[in-house]
Amino acid sequence: MIWVAWRQHRTPLLTTGGLLAAIAAVMTYHRFDMLDYLSRCAVTEQPCAGFHDRYGGYLQLIRLVLLALPALVGMFIGGPLFARDLEQDTHILSLTQSVGRTRWWATKLLVGGVPVVAMMLALGLVAAWALAPVSELAGFARMQHMVFEIQGLVLGPYTLLGLAVGATAGLLSRRTLPAMVAAVVAYVVVLAGVGVGVRPHYAEPVQAVTGVVEQGSDRIHHVETDVDRAQVLMVANSYRDQDGNPVAFSWGCLSAGAAADCPQRTGPITEVTSYQPASRFWAFQSIESGIFAALGAVVLALGWWRLRRRVW
Amino acid sequence: MSTTIALAAAELGKRYKRGWALRGCGFELPAGRVAALVGPNGAGKSTLMALATGLLTPTTGTIRIFGDQPVRSGTHPKLGFLAQDKPLFRRFTVAETLHAGRALNPTWDQAYAERLIAEAGVPTQARINTLSGGQRTRVALAVALGRRPELLMLDEPLADLDPVARDEVMQTLMAEVAETGMTVLLSSHVLAELDGVCDHLLVLAGGGVRLSGDVDDLLAEHQLLIGPSEDSAGLFPTGSVVESRSTGRQATVLVRGAAPVDRPGWVAHEPTLEELVKAYLRSAGKAKAVAEAVSA
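Residues numbered from 1 in each chain as written. Chains lettered and ligands numbered in written order. Predicted model: local features only at pLDDT ≥ 70, side-chain atom pairs only at ≥ 80, totals over all residues.

**What about the domain arrangement of chain B?**
Residue and element names in this part refer to chain B.
Turning to step 1, where the next piece is worked out: Under the domain assignment used here, chain B contains domain 1 (5-206) and domain 2 (219-295).
Turning to step 2, where the next piece is worked out: Taken over C-alpha atoms, the centre of domain 1 sits 34 Å from the centre of domain 2.
Turning to step 3, where the next piece is worked out: When grouped by side-chain class, the residues that make up the side of domain 1 that touches domain 2 number 5 nonpolar, 1 polar and 1 charged. (Domains from an automatic or database assignment. Nonpolar A, V, L, I, M, F, W, Y, C, P; charged D, E, K, R; others polar.)

Right, here's the structure in full:
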């Protein structure tokens, strides 16, 4: 069965492998090129203002590619993995030899899918290394949305989920196209949902006082802190009265002649910022990887369970 | 001496969401026979074969291959199956298709499969999707036979072939049967394809077995009687009439097991296989129509 699965899926596997290797090579080249540029402009003590002109395009493009890759793999590797067999009835050929359903399913996943997950995991680690020179650059700080997702441990588990959804949807729907669509939709929805709704709460946020509104004032005075909003994952801004109780504070209260019920009428208000510091990057990567790996496993288990009672 | 039973069903039933595809099926196919599985479309022929391979599990009853019930870890090693439309991996070459057969079966006779391909004159480096329907059938047959089955089931193997290819496929099949002595179950809804080839018959209609047995015995047990139509009522013992049809003044009656009818105006002869099967299928169709009319 291993040989059959390899023969069936080798073309997409080799294509994907080649593509990912090329992306890794491009990123490696740019890592050294960026380091070289940064060291030269540091030595000559000229501002490195040309950096954005020189590398901005590459960085935007690589971000887009790395964000899209798990969805593309889910579509083109996961979607057809079982659905193509079911469309062409070749599952009947395989399953009427000396091979049972579970072995057929597991072998196709292991040979046709798992190598791509492994390759994507490796690519994520290469990306973390290759993007390290810009990891503190505004817009590419790695704790932030759309940057966290393109490097580190998570690319492997993201791919696992996309692939699992594509493969399982193909098993249930028996059709390649709906399976491909399901893989993309599931990846986008889950990633956005986790990024916005879950990731900020992986750990208790750090809090810092970042502003003060004096009693009776309609101005906020920003407090100097070591919180760099461009580097951290912002969780929330909240406002407290002098006793530390949260108060309702709207932007209307910062306009001239603020309403009489604004909280600063009765005392000074402090702005408290909750955030996840950049030092938690790898811890958050591990947690998010665990979540996506578990989701992927659940989807695969669902497919296996359906496969056993499937009518063919 | 008891004969070996290659395929046996008892109270076999399969229900899909839309209803029963097979119900209360019972038959025995002795080893060494070449059996025709005939019935109209939707009679349950493919369902029966899928149950034997283990692709489907029965809702009721049992099906046994040489005494064993199908398991989920693959099709019974003594059973070879050629599915409808002969699914093969389209992008594989012929040689790779045989390699797949070897990879999927611990008992695989590569030399035999290669010989069958060579005899068919199919180039081994050709891709499956470039082959003609006849060539594809020969490759699928080589894969099914490469397992060295003792029972070979073929689901509508001739359906999409031209007349020349049909003859070639049947000749190959019969040559292998003669050489190996294997049992064959061949489904078709075109009876003419099977006449003169099969020595055993299994008629399936409306999800049930209407008739099963060796062809010679079945033909000997039945009589086709032709006589004046006004005379036919009450002439034969109830229960023995399979089907009675009248066209104008002439009645044609198929009777099972009755004593010779000695009455002026009536002639009796042994039915042909086609007459026999058609009479059973028509009577099953009528019974179904009556049942539907009653329930409606």
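**Some details on the interface of chain B and chain A**
When the parts of a complex come together, some accessible area is lost, and that lost area is often taken as the interface size.
Turning to step 1, where the next piece is worked out: Opposite the 24 residues of chain B that make contact, chain A presents 20 residues.
Turning to step 2, where the next piece is worked out: In terms of residues, the side of chain B that touches chain A owes the most to one element, helix H2 (residues 94-104) of chain B, which gives 5 residues.
Turning to step 3, where the next piece is worked out: A class-by-class count of the residues in the side of chain B that touches chain A yields 14 nonpolar, 6 polar and 4 charged. (Contact = placed C-beta atoms within 7 Å. Helix = DSSP H or I, 4+ residues; strand = E, 2+ residues; numbered from the N terminus.)

**Section: the environment of Met 153 of chain B**
Residue and element names in this part refer to chain B.
Turning to step 1, where the next piece is worked out: Checked against the element boundaries, Met 153 lands in strand S6 (residues 151-155).
Turning to step 2, where the next piece is worked out: Among the residues examined, Met 153 registers 29 C-beta atoms within 10 Å and is labelled buried.
Turning to step 3, where the next piece is worked out: Met 153 sits 58 residues away from Ala 95 along the chain, and the two C-alpha atoms are 23 Å apart.
Turning to step 4, where the next piece is worked out: Apart from residues no more than four positions distant in its own chain, Met 153 is found in contact with Met 49, Ala 52, Leu 79, Phe 81 and Leu 185. (Buried ≥ 20, exposed ≤ 12 C-beta atoms within 10 Å, placed from the backbone.)

**Description of the nonpolar core**
Turning to step 1, where the next piece is worked out: In terms of nonpolar packing, the biggest core is built from 152 residues, with Ala 183 of chain A together with Ala 35 and Val 203 of chain B touching the most fellow members.
Turning to step 2, where the next piece is worked out: Here this core takes 12 residues from helix H2 (residues 51-88) of chain A, the largest share from any one element.
Turning to step 3, where the next piece is worked out: With near-sequence residues (within four places) excluded, Ala 35 of chain B lies in contact with Leu 29, Val 184, Leu 185, Leu 186, Cys 198, His 200, Leu 201 and Leu 202 of chain B.
Turning to step 4, where the next piece is worked out: Core analysis: the next-biggest nonpolar cluster, separate from the first, contains 6 residues, Val 213, Phe 249, Cys 253 and Cys 262 of chain A among them. (Core = buried A, V, L, I, M, F, W, Y, C linked by C-beta atoms within 7 Å.)

**A look at the packing of helix H6 (residues 155-173) of chain A against helix H8 (residues 281-309) of chain A**
Residues and elements named next belong to chain A.
Turning to step 1, where the next piece is worked out: Their axes nearest at 8 Å, the elements H6 and H8 cross at an angle of 15 degrees. In this view, H6 runs roughly parallel relative to H8, as classed from their interaxial angle. Relative to H8, the crossing made by H6 is left-handed. Seen from H6, the contacting residues are Pro 157, Tyr 158, Leu 160, Leu 161, Ala 164, Val 165, Ala 167, Thr 168, Leu 171 and Leu 172; seen from H8, they are Ser 289, Phe 292, Ala 293, Leu 295, Gly 296, Val 299, Leu 300, Leu 302, Gly 303, Arg 306 and Leu 307.
Turning to step 2, where the next piece is worked out: Considered class by class, the residues forming the contact of H6 with H8 number 16 nonpolar, 4 polar and 1 charged. (Axes fitted to C-alpha atoms, helices over the stretch in contact; angles between N-to-C directions. Parallel < 35°, antiparallel > 145°, perpendicular 65-115°, else oblique. Left-handed = near helix turned anticlockwise from the far one by under 90°.)

**Structural notes on the domain arrangement of chain A**
Residue and element names in this part refer to chain A.
Turning to step 1, where the next piece is worked out: Taken domain by domain, chain A comprises domain 1 (2-201 + 281-309) and domain 2 (206-276).
Turning to step 2, where the next piece is worked out: Placing a centre on the C-alpha atoms of domain 1 and another on those of domain 2 gives a separation of 40 Å.
Turning to step 3, where the next piece is worked out: Facing 7 residues of domain 1, the contacting portion of domain 2 comprises 6 residues.
Turning to step 4, where the next piece is worked out: Looking at the side of domain 1 that touches domain 2, its residues break down into 5 nonpolar, 1 polar and 1 charged.

**Topic: the packing of H2 of chain A against helix H7 (residues 176-198) of chain A**
Residues and elements named next belong to chain A.
Turning to step 1, where the next piece is worked out: Interhelical geometry of H2 versus H7 gives an angle of 150 degrees and a closest axis separation of 8 Å. Regarding the angle of H2 to H7, the classification is roughly antiparallel. The crossing of H2 and H7 is right-handed. Facing Pro 70, Ala 71, Gly 74, Met 75, Gly 78, Gly 79, Pro 80, Ala 83, Arg 84 and Glu 87 of H2, the residues of H7 in contact are Thr 176, Ala 179, Met 180, Ala 183, Val 184, Tyr 187 and Val 188.
Turning to step 2, where the next piece is worked out: Class assignment for the residues of the contact of H2 with H7 results in 11 nonpolar, 4 polar and 2 charged.

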